[in-house]
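Summary of structural features
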Amino acid sequence: MSSHTSSQAKSILLIVPPLTNNHVFPELGVPQLTAFLKAHGHTVRQLDLNAVMLGSWLLEPTPMATAVAGLSPEATAHVAALPAFLAAQRAKIANVLGMEQPKTQGSKTGRIDDLVRRYLDQREILQPTLRADILASDKVPTSNAAEALHRLRQGCSDRLLWTLWADVLRRDMDGDDTSAAAIEAATQHNPKILQEFLAAHLDPALTPDVGLVGLSIHGTAQVTTALRIARHVRTRLPSARILIGGPWCTAAAGLLESQPWVFDYVDGVVLGEGEAAILKAAEALAKGLDPMDLPGTMRYIDSQVVTSAPAAPLPLEALPGPCFDGYPMEAFTAPVVPFRTIRGCYWSRCVFCYHVLAGATPAKLNGLSQTTVSNLIETVGDATSRYGTRGLALADHATPPEYLRTVAAALKSNGLEVEWEALVRFDDGFNANLFREIAAAGCSRLNFGLESSQAASLRHIRKGIRLDLALRCLEEATAAGIEASVFVLHYPGQTIDAFEETLRFVEEHSDIIGWFSAQRFQLGRQSHAFMNPDSLGIRLPARAYEDFSVFDLPFEADGWSTDAEFRQVTEKHFLRFLGRKAMA
């Protein structure tokens, strides 16, 4: 490409694209990159367009009306049926808990609505079978989607409405087909609602000084919109360079090698940790050079996709805490800031996990450095004073016990009173004293990966935990006042009866399990199961290798339950779990 020359200093614009319902608090990648670039003297602006669209703009009457007017007949019917469907779910849960349903808008964020949201999470709200349930609701009290959405707005929490909007709009814009051909065709479509949103919330940031635009793609739900945004940027700033990166891009690297059309929209795809590549791009911009000779980046050169050698990831100590300047903190439905204490997973052996790439080396446990602790305190203190946030989420795959102790001591010694939570393993490093220490410093919830209550299953999926250890941790965490939540997994090769045994275990231990999330195995590209399908007895059809849903690829497995069977058994035990909670 030609040299990028200009006498004007160039700035960088980093974007989180719509539409995903996962980010109810800020996703870490863009704020972390922003802080890193600012620390090196570069001018950066960041936009979380997903939060603005779902948490603010679409709640306004005019955009909501525009969105409703543009819905397909199927989506319109879906929205019109939602009030009756949600009312039925509220009634079901209220009956189980022996509670009266809230009847006023002032009660909309109460306990039942939160339970409905978490219950629908259990029922996999994004699955087509659940949408069929919604459309089959016994009563549809409204004849049009606009009235239905108005009713939802009055009697539904923002977080639940965020989830519903993301599902309806994304599927209406893009459909359910995630094959490469379908994604390419969908990207060429330019929905009116997106045009109006970008005109209102992106165009003011596309000033002549912007020389580099980066889009962070966390999941498949954002891919088509990210590429549409790239096209939009190209028409308004033709000289700006456009990069995409994030977890989806890293997982999709092998797929993108055979998808040259993607590079009609972007100049490069950054793989893995993006700091080295984005910093080199920023430095080239500052010198008036073309910022595309980057490490760990895919580009389309001489009619082929080529990937440059990666740079070594920077140690966490070299990264400042995330920066939330300009972020729409009021649009998020959870007043929480994320922070990472460890890169990767210190176990990294689970067969099913798609968060860790196959062959990844387990993270080394060297203790938290003073620099990382100082960054944590600065991040939490700044967010509390400037944005009124009162929560912290440790954004680690699994935070080690001693790291939790260090975090707790730092928060307490600095007088920071925030609630916080983390993902953790059942680890011999946990004990009653540690749970009490972290609880006293604000730890309110720990999310443990249990997966199964059967020793044979735990060995098969290489979970590396013991049931006696799990029970001890759950008892001690609960005794300390921490909500101990668990994940359970139904995986290929496991019968539905064996999975139900784990659900019964969770139900019977509801006194020490604060919450649970039942998940059906999803096949991730570059995961251990993808690279070694025999480990779970699965087969990959040809279409799996050209599917953009890189964290939920199609596969075949003999004797595995259907989605409907999974949902039926999960719902039965979830309601029993709630009933036990209500009687406790």
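In the block above lies the structure referred to throughout.
Report follows, based on the coordinates. (Residues numbered from 1 in each chain as written. Predicted model: local features only at pLDDT ≥ 70, side-chain atom pairs only at ≥ 80, totals over all residues. Heavy atoms only, no water.)

**Topic: the overall build of the chain**
Just so we agree on the cut-off: For helices the rule is a DSSP run of H or I covering at least 4 residues; for strands it is a run of E covering at least 2, with both sets numbered from the N terminus onward. It only takes one pair of heavy atoms within 4.5 Å for two residues to be counted as in contact. For accessible areas, the Shrake-Rupley method is used with a probe of radius 1.4 Å. Any residue's cover is judged against the shown protein chains and nothing else.
Scanning the chain for helices and strands turns up 22 helices and 13 strands. By sequence separation, contacts in the chain at least 24 residues apart represent 79% of the contacts at least 6 residues apart. Carbon together with sulfur atoms contributes 50% to the accessible area of the chain, which is approximately 23600 Å² in total.

**Here's the deal with the packing of helix H20 (residues 496–508) against helix H22 (residues 563–583)**
The test is simple: Inter-axis angles, ranging from 0 to 180 degrees, are taken between N-to-C directions of lines fitted to C-alpha atoms, where helices are fitted over the stretch in contact. What sets the label is the angle itself: under 35 degrees gives roughly parallel, over 145 gives roughly antiparallel, 65 to 115 gives roughly perpendicular, and the rest give oblique. A crossing counts as left-handed when the near helix is turned anticlockwise from the far one by less than a right angle, and as right-handed when that turn is clockwise. Gly is placed with the polar residues, together with every amino acid not listed as nonpolar (Ala, Val, Leu, Ile, Met, Phe, Trp, Tyr, Cys and Pro) or charged (Asp, Glu, Lys and Arg).
One way to put it is that H20 packs onto H22 with a least axis distance of 9 Å and a crossing angle of 15°. As the angle between them shows, H20 and H22 are arranged roughly parallel. As for the relative orientation of H20 and H22, their crossing is right-handed in sense. Residues Ile 496, Phe 499, Glu 500, Leu 503, Arg 504, Val 506, Glu 507 and Glu 508 of H20 form the contact with H22, whose participating residues are Glu 565, Phe 566, Val 569, Thr 570, Lys 572, His 573, Arg 576, Phe 577 and Arg 580. Within the contact of H20 with H22, the residues separate by chemical class into seven nonpolar, two polar and eight charged.

**What about the sheet that holds strand E8 (residues 336–339)?**
Test applied: We call two strands paired when DSSP finds no fewer than two bridges between them.
Strand order in the open sheet made by the six strands is E8-E9-E10-E11-E12-E13, with parallel pairing throughout. Only two strands of the sheet have a single neighbouring strand rather than two, namely E8 and strand E13 (515–520). Ignoring which end each strand starts from, the neighbouring axes of this sheet average 20° apart. In the sheet, strand E10 (residues 419–424) pairs with strand E11 (residues 443–451) via five bridges, with the strands oriented parallel. Its bridge partner lying in E11, Val 424 is registered against Phe 448. Set on the sheet, helix H15 (residues 370–387) makes contact with E8 and strand E9 (391–394); between it and E8 the angle comes to about 165°. Lying on the sheet, H20 is in contact with E11, strand E12 (483–490) and E13; it crosses E12 at an angle near 175°.

**Let's talk about the sheet that holds strand E1 (residues 11–16)**
Taken together, the seven strands give an open sheet; going across it, the order is E2-E1-E3-E4-E5-E6-E7, and neighbouring strands pair in mixed fashion. Each end of this open sheet is capped by a strand with a single partner; those strands are strand E2 (44–48) and strand E7 (304–307). Here the average twist between neighbouring strands, direction ignored, is 25°. Packed onto the sheet, helix H1 (residues 29–39) meets E1, E2 and strand E3 (210–216) and runs at close to 165° relative to E1.

**With respect to unusual backbone geometry**
Under the convention used in this document: For every residue, the accessible area obtained with a 1.4 Å probe (protein chains only) is divided by the maximum for its type, and the residue is called buried under 20%, exposed over 50%, and partly exposed between those limits.
Here the residue pair Pro 18 and Leu 19 is connected by a cis peptide bond, since its omega of 0° sits within 30 degrees of zero. Looking at where Leu 19 falls in the secondary structure, it is placed in the loop between E1 and H1. The residue Arg 462 is not glycine, and still its phi comes out positive at about 55°. Relative to the helices and strands, Arg 462 resides in the loop between helix H18 (455–460) and helix H19 (467–479). We classify Arg 462 as partly exposed; its relative accessible area is 37%. Even without a glycine there, the phi angle at Gln 526 is positive, about 70°. Inspection of the secondary structure assignment puts Gln 526 in the loop between E13 and helix H21 (528–531).

**Notes on the environment of Ala 410**
Assignment of secondary structure puts Ala 410 in helix H16 (residues 401–413). For Ala 410, a relative accessible area of 8% puts it in the buried group. Along the chain, Ala 410 and Val 373 lie 37 residues apart, while their C-alpha atoms are 7.1 Å from each other.

**Thoughts on the pattern of salt bridges**
Inclusion rule: Basic side-chain nitrogens of Lys or Arg form a salt bridge, by our definition, when they fall within 4 Å of a carboxyl oxygen of Asp or Glu.
All told, the structure shown has 22 salt bridges when counted by the stated rule. Put simply, Glu 402 and Arg 405 hold a salt bridge, and the shortest N to O gap is 2.6 Å. In this pair, Glu 402 and Arg 405 are both assigned in helix H16, three residues apart and thus about one turn of the helix distant. The partly exposed category is assigned to Glu 402, whose relative accessible area is 44%. Overall, the relative accessible area of 23% leaves Arg 405 in the partly exposed class. Between Glu 451 and Lys 463 there is a salt bridge whose closest N-O contact spans 3.1 Å. Here Lys 463 lies in the loop between H18 and H19 and Glu 451 lies in strand E11, a separation of 12 residues in the sequence. Overall, Glu 451 belongs to the buried group, its relative accessible area being 5%. Salt bridges sharing common partners tie together Lys 38, Asp 325, Asp 382 and Arg 386.

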